[in-house]
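Each chain, written out:
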Amino acid sequence: MNFNQMLPMFGYVFNVIGIVLCIVGLTIARNKHRRVLGGILVVLGFLIAASPMLMQMMGAFEPSATGVVPPQ
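Throughout what follows, the structure given in this document is the object of discussion. In this text, all values refer to a predicted model and were calculated from it rather than measured experimentally.

Bringing the overall build of the protein into the picture now. Within the protein, the secondary structure is distributed over 2 helices and 0 strands. Within the span of the protein, comprising 72 residues, buried residues form 19% of the whole. Sequence separation of 24 or more characterises 49% of the internal contacts of the protein that already satisfy a separation of 6 or more. Carbon and sulfur atoms make up 71% of the accessible area of the protein, which amounts to about 5900 Å² in all.

Here it is, written out as structure tokens:
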């Protein structure tokens, strides 16, 4: 498997990790004394979840082809 074939799988993994980190950060941020730590975790979780899309937008790699390929 090359990198372009594994990219969709990495996208799902990054999304799940990022969402879990955001939920943990929001839970921690409810406490008044740990609000800054919770905010940092939320921002970090968002960046992890959005990293595959952001890397495609910056041109680090080309998006993988999805959908139906027309017959030749």
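Right, let's get into the environment of I40. Looking at the element boundaries, I40 is found in helix α2 (residues 35–58). Note: C-alpha distance between I40 and A29 (11 residues apart in sequence) is 9.3 Å.

Roughly 60° is the biggest bend found in α2, and it falls at S51, with proline P52 one to four residues downstream. Of all the residues in α2, the buried ones are G38, L41, G45, A49, A50, S51 and P52. Residue G59 follows α2 closely and has a positive phi angle near 90°.

We now examine the environment of P52. Its place among the elements puts P52 in helix α2. Each C-alpha atom, one on P52 and one on F10, is 7.9 Å from the other, the two residues being 42 residues apart in sequence. Setting aside anything within four residues of it in sequence, one finds P52 in contact with G11, F14 and F61.

What counts as what
Residues numbered from 1 in each chain as written. Predicted model: local features only at pLDDT ≥ 70, side-chain atom pairs only at ≥ 80, totals over all residues. Heavy atoms only, no water. Helix = DSSP H or I, 4+ residues; strand = E, 2+ residues; numbered from the N terminus. Buried < 20%, exposed > 50% of the residue type's maximum accessible area, 1.4 Å probe, protein only. Contact = heavy atoms within 4.5 Å. Areas by Shrake-Rupley, 256 points an atom, 1.4 Å probe, with all protein chains shown as cover. Bend = angle between axes of the 7 residues up to and from the residue.

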